[in-house]
Amino acid sequence: MRYSKKLINALILLEKEEKVYSKDLGKLSEELYQRGHLKTSYRGQFIYYQVRDVEAFKLDLVNIDESFRDLSKLLALYEKGDNLTRSDMASYTGDSKIKRKRSFEGFLVNSYTDIPARIGDDQIQICPSEGTFTFIADWKLFSIPEDVVIIGVENPENFRYIRKQKCLFENAVSKVVNTKSQKILFVSRYPQENSSSDLRNWLMSVPNKYIHYGDYDLAGINVFHTEYYNYLGARSSFLIPENIEQLIIKGSRKRFDRQYKKYKDITSPLTDVQDLIDLIKRHKHCYDQEGLERQKEGKNE
C-alpha cells in the first residue's frame, strides 16, 4: 500500500519524540490513538500528537504495516517518485508489493484448569498441556464465562510456567473476587514484543475482571495504564505480590536509572499501584516479573 510522504515524515518525527500536526497523520491517526500510542496537545484550535512510549510505538508500526519497519528507507524509496520500480519495493519488503497485513491476528491463551469457551457457535475446552498454548485466531467470536478471571502475562517465560506460580495467581484473584478457587484464563498478546491491539480489543468486548501481570518498574506500570487501565477502567487491576518491597530492594538499579527521566512523573489513580510507584522511587530499584517464576526453582536474582 502506498502512503503519502507527508505521513511518513510525520511518523519519523513521532519516532524522534517530536509533536506532529494531527492532520499530517491522516486516517492513521485514529488507529494509532485507539492503540494507545498518542497523547494530545493543543495550539489554539489545532490538535497535535506526541508518542507516549517510543519503543512500543516503533514495534507496533511494524505490526500495523510491515513496510513501516524502516521509515527512512521507505521515504527514500518514495522520493524516487516515478522511478520507483517493483524491484526496489521487493528489495525492501522481500515481496513485489508493500502489504498492509499481519501474518497472524489474535492472541495466546493458557490455563491449568479446564475452561469452557466458545468460538461463535462452536464449544471448546481450554486447558493446554504443560509446554503448549492455545492460539485464538478468530478472537472476535471468542467468549468465556463471565465469572472467569483473566490474567494478562507480559513475560513469555511466566506465561509458559503458570503452574509454578499457582499460589501467586490464586492470591491475586482472591483480592478481586474473594475466593481462591475461581477459574483463571491466562492471556498473552502475540507476538509478545509487539503491542498488538487484538487482545485489548477482545478484553474491551467482554465483562470479565482483568489482572495485569507485568514487570515491577515504571515502564511496566505505564504499559498497564496506557494499554489496559485506560480502556478497561475499574475492572482492571495490577498484580502485586505481598513481598513486593523485598523484591524491589534486590532489583535492578540500572534499569531504574534508565527509566526514571522518562517516567518520573507517572502517577496512578489506584492506591496499590501508586504505593508501588512510591516504593520503586524510594528504593530506586526495579524488578522483573520472571524473577517470581525463578524463585520457585531456587534461583538467585
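Model, not experiment: these values are computed from the prediction. The residue numbering used here restarts from 1 in each chain and proceeds along that chain's sequence as written. Since the coordinates come from a predicted model, pLDDT governs what is reported: local features require at least 70, and pairs of side-chain atoms require 80 or more to be given and counted, while whole-chain, interface and lining totals use all residues. Processing note: side-chain calculations cover all non-hydrogen atoms of the structure and skip hydrogens and water entirely.

## As for the confidence of the model for the chain
Spelled out, the test is: A residue's pLDDT is simply how confident the predictor is in it, with values from 0 to 100. Pairs of residues are marked as contacts when any of their non-hydrogen atoms sit within 4.5 Å.
Chain-level pLDDT for the chain is 85 on average; 86% of the residues reach the 70-or-more range. Scored below 50 in pLDDT, residues 95-101 makes 23 contacts in the model with residues more than four places away or belonging to other chains. Per-residue pLDDT stays below 50 along residues 296-301; that stretch engages in six contacts with residues further than four places along the chain or on separate chains.

## Looking at the pairing of strand β5 (residues 115-119)
For clarity, the threshold we go by: Strands were regarded as paired on the criterion that DSSP finds at least two bridges between them. Only runs of H or I of at least four residues qualify as helices and only runs of E of at least two qualify as strands under DSSP, and these elements are numbered from the N terminus.
Note: β5 against strand β6 (residues 122-126), five bridges, orientation antiparallel. Looking across to β6, one finds that Ile115 is bridged to Ile126. Hairpin connection of β5 to β6: two residues between the antiparallel strands, including Gly120 at a positive phi of 65°. When β5 meets strand β8 (residues 142-143), the two strands line up antiparallel, connected through two bridges. Of the residues in β8, the one forming a bridge with Ile119 is Phe142.

## Some details on the environment of Leu108
The condition that has to hold: Whether a residue is buried, partly exposed or exposed follows from its accessible area with a 1.4 Å probe, protein chains only, as a fraction of its type maximum: under 20%, in between, or over 50%, in that order.
Secondary-structure assignment places Leu108 in strand β4 (residues 107-110). Residue class for Leu108 comes out buried when judged on its relative accessible area of 11%. Between the alpha carbons of Leu108 and Arg189 there is a distance of 6.4 Å; along the sequence they are 81 residues apart.

## A word on the nonpolar core
Quick note on the threshold: We call a set of buried Ala, Val, Leu, Ile, Met, Phe, Trp, Tyr and Cys residues a nonpolar core when their side-chain atoms join them within 4.5 Å.
Membership of the largest hydrophobic core comes to 60 residues, with the highest contact counts inside it found for Phe142, Phe169, Leu185, Trp202 and Tyr216. Non-local contacts of Phe169, meaning those with residues more than four positions away in its chain, are made with Tyr112, Ile151, Ile162, Ile184, Phe186, Tyr213 and Leu239. Within the second largest apolar cluster, 24 residues are counted, among which are Leu32, Tyr49, Val54 and Phe68.

## Considerations on the sheet that holds strand β7 (residues 134-136)
The condition that has to hold: Only the stretch in contact is used when a helix axis is fitted, and all axes are lines through C-alpha atoms; the angle between N-to-C directions ranges over 0 to 180 degrees.
A sheet is described by the order of its strands in space; here six strands give the open sequence β7-β4-β10-β9-β11-β12, paired in mixed fashion. Looking at strand neighbours, the two that pair on one side only are β7 and β12 (236-238), the edges of this open sheet. Averaged over neighbouring strand pairs, the angle between their axes works out to 30° when direction is ignored. Bridge count between β4 and strand β10 (residues 184-189): four bridges; the pairing is antiparallel. Paired with Val109 across the strands is Val187, a residue of β10. Against the sheet, helix α8 (residues 198-205) contacts β4, β9 (149-153), β10 and β11 (210-213), and its axis sits at roughly 145° relative to β10.

## Remarks on the environment of Arg200
The residue Arg200 is located in helix α8 in this model. Residue class for Arg200 comes out buried when judged on its relative accessible area of 5%. Those residues in contact with Arg200 that lie beyond four places of it in its chain are Gln34, Arg35, Gly36, Glu227 and Tyr231.

## Description of helix α9 (residues 218-232)
As a reminder of what qualifies: For a helix, the expected span equals 1.5 Å multiplied by the residue count minus one. Bend at a residue means the angle formed by two fitted axes: the first through the 7 residues ending at that position, the second through the 7 residues beginning there.
With 15 residues, α9 extends 20 Å from end C-alpha to end C-alpha; this agrees with the ideal 21 Å at 1.5 Å per step. At His225, α9 shows its maximal bend, which comes to roughly 40°. Among the 15 residues in α9, 13 count as buried, and that is most of the element. Remark: Gly233 follows α9 within two positions and exhibits a positive phi of approximately 65°.

## Regarding the sheet that holds strand β3 (residues 46-51)
Taken in spatial order, the three strands line up as β1-β3-β2 in an open sheet, and their pairing is antiparallel. Bordering the open sheet on either side are β1 (20-21) and β2 (38-43), each of which pairs with just one other strand.

## Focus: the packing of aromatic side chains
The condition that has to hold: Any pair of Phe, Tyr and Trp rings, taking the six-membered ring for Trp, is counted once the centres come within 6.5 Å. Such a pair is stacked with planes under 30 degrees apart, edge-to-face with planes over 60 apart, and tilted for the rest. Either the NZ atom of lysine or the CZ atom of arginine qualifies as a charge over a ring when it sits within 6 Å of the ring centre and within 35 degrees of the ring normal.
Counted by the stated rule, this structure contains 15 aromatic pairs. Measuring from centroid to centroid gives 5.2 Å for Tyr210 and Tyr228, while their planes differ by 20°, and the two rings are stacked. Taken as a pair, Tyr210 in strand β11 and Tyr228 in helix α9 lie far apart in primary sequence, 18 residues in all. For Tyr210, a relative accessible area of 1% puts it in the buried group. A relative accessible area of 2% means that Tyr228 is categorised as buried. Three or more aromatic residues link up through ring pairs in this structure, and these residues are Tyr112, Phe169, Phe186 and Tyr213. We note Arg200 situated over the ring of Tyr231; from NZ or CZ to the ring centre the distance is 4.1 Å.

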